[in-house]
Amino acid sequence: MGFLGFHHVGTFLLLVTVALLTVTTITAPVTTHLSIIDVTLYNNGSTQAQRTVTLGVLGNCLYSPSGSSTHDTTSPDCTKAHIGYNASIPLTALSPSDEPYGSISGGSLNKLTYALVLHPVAGATMLVAFVISALSHRFGYLFAAFLAAFGTLLTVIAFAVDAIMYGIVRVHVALHEEQVVGTVTKVTWGLGLKLAASAIATGVLAVVLTAFSCFADRRRQKEQGKKSTGAGVVYHELGVPVGGKYAAY
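Since the structure is predicted, the reported quantities are computational estimates derived from the model, not experimental observations.

**Comments concerning a nonpolar patch on the surface**
Phase 1 of the analysis: A cluster of nonpolar side chains, Leu127, Val131 and Leu135, forms an exposed patch at the surface whose accessible area comes to about 290 Å².
Phase 2 of the analysis: With respect to the helices and strands, Val131 occurs in helix H4 (residues 118-135).
Phase 3 of the analysis: Of the residues examined, Val131 reaches a relative accessible area of 39% and is grouped as partly exposed.

And the structure:
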């Protein structure tokens, strides 16, 4: 069956999942305007951001917007891309006071950034599953489904890490705002976090449909075998020998 047939709907969803996890991986500082978590400081009663921190998978960026857009700047201060980073330092820059922002939860927050590497690992696992599914028949689909299930599990864990980081930042921002008068800090999901959630959904569907393709292909082959056997029986009942030289009257 061709690549665009029903058997490869699961394969297509694997490709979509790979794309979603790839975009999540290349968030800040690789792509400065993409993030998993955005933390923005506003003056009380103002809609114009003073400073914004974008947390990504491999680092973070600090913005000092000059316009109405949150990321309205051409030279954000970004860390180098690497596994694990200090997320509490850029958050401290949001504070107009001398209090060390993130002093309570900075340690746990920084440790969690090392687990963000699960995003690219999950993406690579899904990519291998996609290649196997695209080039396989029958039992290859089943193996691809098991591999995709493992990749989906990694994606769920990675998303859980994202959500925990979001919760830590949000709680500490609430505690910090009680000490700083005249400012409002908003913590929001970045595009990367939303795409990670979407990758879980497409990953689960891909696992189910890819596994189903294995059993559907096996059933189709059995039905074709029965039809071939049935045709042979009818051929003999008509009295035509295998050689085709004589016929019954």
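**Observations regarding the nonpolar core**
Phase 1 of the analysis: In terms of nonpolar packing, the biggest core is built from 27 residues, with Ile37, Val39, Leu55, Met165 and Val169 touching the most fellow members.
Phase 2 of the analysis: Tallying contributions element by element places helix H5 (residues 139-177) first for this core, with seven residues.
Phase 3 of the analysis: Val18, Ala122, Leu154 and Ala158 belong to the second-largest nonpolar core, a separate cluster that totals 18 residues.

**Topic: the environment of Met165**
Phase 1 of the analysis: Examined against the element boundaries, Met165 turns out to sit in helix H5.
Phase 2 of the analysis: Residues Met165 and Asn110, 55 residues apart in the sequence, show an inter-C-alpha distance of 9.2 Å.
Phase 3 of the analysis: Setting aside anything within four residues of it in sequence, one finds Met165 in contact with Ile37, Leu55, Tyr85, Leu109, Leu112, Thr113 and Leu116.

**Comments concerning the sheet that holds strand E2 (residues 49-55)**
Phase 1 of the analysis: Read from one edge of the open sheet, five strands run E4-E3-E2-E1-E5, paired in antiparallel fashion. Whereas interior strands pair on both sides, the edge strands pair on one side only; in this sheet they are strand E4 (77-78) and strand E5 (183-189).
Phase 2 of the analysis: Bridge count for E2 against strand E3 (residues 60-63) is four bridges, and the pairing is antiparallel. The partner of Thr54 across the bridge, within E3, is Cys61.

**Observations concerning the environment of Cys78**
Phase 1 of the analysis: You can see Cys78 is positioned in strand E4.
Phase 2 of the analysis: Distance in space between the C-alpha atoms of Cys78 and Pro90 is 9.3 Å, their sequence separation being twelve residues.
Phase 3 of the analysis: Beyond its immediate sequence surroundings of up to four residues, Cys78 is in contact with Pro29, Thr32, Asn60 and Cys61.

**Overview of the packing of aromatic side chains**
Phase 1 of the analysis: Taken as a whole and judged by the stated rule, the model has two aromatic pairs.
Phase 2 of the analysis: Ring plane angle 75° and centroid distance 5.9 Å describe the contact between Phe159 and Trp189, whose orientation is recorded as edge-to-face. Of the two residues, Phe159 sits in helix H5 while Trp189 sits in strand E5, which places them 30 residues apart along the sequence.
Phase 3 of the analysis: Members of the aromatic cluster, each reached through a chain of ring pairs, are Phe159, Tyr166 and Trp189.

**Focus on the confidence of the model for the protein**
Low-pLDDT portions of the prediction should not be read for the details of their coordinates.
Phase 1 of the analysis: For the protein, per-residue confidence averages 80 on the pLDDT scale, and residues scoring 70 or more make up 70% of the total.
Phase 2 of the analysis: When the criterion is pLDDT under 50, residues 244-249 qualifies, and its contacts beyond four places in sequence or with other chains add up to six contacts.

**Considering unusual backbone geometry**
Phase 1 of the analysis: Look at the link from Ala28 to Pro29: it is a cis peptide, with omega at 5°.
Phase 2 of the analysis: Relative to the assigned elements, Pro29 resides in the loop between helix H1 (9-25) and strand E1 (37-43).

**Details of the pairing of E1**
Phase 1 of the analysis: Counting buried positions along E1 yields six of seven residues, so the element is predominantly enclosed.
Phase 2 of the analysis: Here six bridges tie E1 to E2, and the two strands are oriented antiparallel to one another. Each bridged residue has a counterpart across the sheet, and for Thr40 the counterpart in E2 is Thr52.
Phase 3 of the analysis: Sheet analysis places E1 next to E5, joined by seven bridges and oriented antiparallel. What sits directly across from Tyr42, in E5, is Val184.

**Observations regarding the packing of H1 against H4**
Phase 1 of the analysis: One way to put it is that H1 packs onto H4 with a least axis distance of 9 Å and a crossing angle of 155°. Accordingly, the angle class assigned to the pair H1 and H4 is roughly antiparallel. In this structure, H1 meets H4 at a crossing whose hand is left-handed. Between H1 and H4, the contacting residues are Thr11, Leu14, Leu15, Thr17, Val18, Leu21, Thr24 and Thr25 on the first element and His119, Pro120, Ala122, Gly123, Met126, Leu127, Ala129, Phe130, Ser133 and Ala134 on the second.
Phase 2 of the analysis: Looking at the contact of H1 with H4, its residues break down into eleven nonpolar, seven polar and no charged.

**A look at the side chain of Thr11**
Phase 1 of the analysis: Its place among the elements puts Thr11 in helix H1.
Phase 2 of the analysis: Here the side chain of Thr11 touches His8 through a polar contact of 2.9 Å, side chain to side chain.

**Some points on the side chain of Thr17**
Phase 1 of the analysis: As for its position among the elements, Thr17 is in helix H1.
Phase 2 of the analysis: Of the residues examined, Thr17 reaches a relative accessible area of 0% and is grouped as buried.
Phase 3 of the analysis: Leave out the neighbours within four places in its chain, and Thr17 touches Met126, Ala199, Thr202 and Gly203.

Conventions used here
- Residues numbered from 1 in each chain as written.
- Predicted model: local features only at pLDDT ≥ 70, side-chain atom pairs only at ≥ 80, totals over all residues.
- Heavy atoms only, no water.
- Patch = residues over 30% accessible without salt bridge, like charges linked within 9 Å, V, L, I, M, F, W, Y side chains within 5 Å.
- Areas by Shrake-Rupley, 256 points an atom, 1.4 Å probe, with all protein chains shown as cover.
- Salt bridge = Lys/Arg side-chain N within 4 Å of Asp/Glu carboxyl O.
- Helix = DSSP H or I, 4+ residues; strand = E, 2+ residues; numbered from the N terminus.
- Buried < 20%, exposed > 50% of the residue type's maximum accessible area, 1.4 Å probe, protein only.
- Core = buried A, V, L, I, M, F, W, Y, C linked by side-chain atoms within 4.5 Å.
- Contact = heavy atoms within 4.5 Å.
- Pairing = 2+ DSSP bridges.
- Phe/Tyr/Trp six-rings, centres within 6.5 Å; stacked < 30°, edge-to-face > 60°.
- pLDDT = per-residue confidence, 0-100.
- Axes fitted to C-alpha atoms, helices over the stretch in contact; angles between N-to-C directions.
- Parallel < 35°, antiparallel > 145°, perpendicular 65-115°, else oblique.
- Left-handed = near helix turned anticlockwise from the far one by under 90°.
- Nonpolar A, V, L, I, M, F, W, Y, C, P; charged D, E, K, R; others polar.
- Polar contact = N/O pair within 3.5 Å; in protein donor to acceptor, adjacent residues only side chain to side chain.

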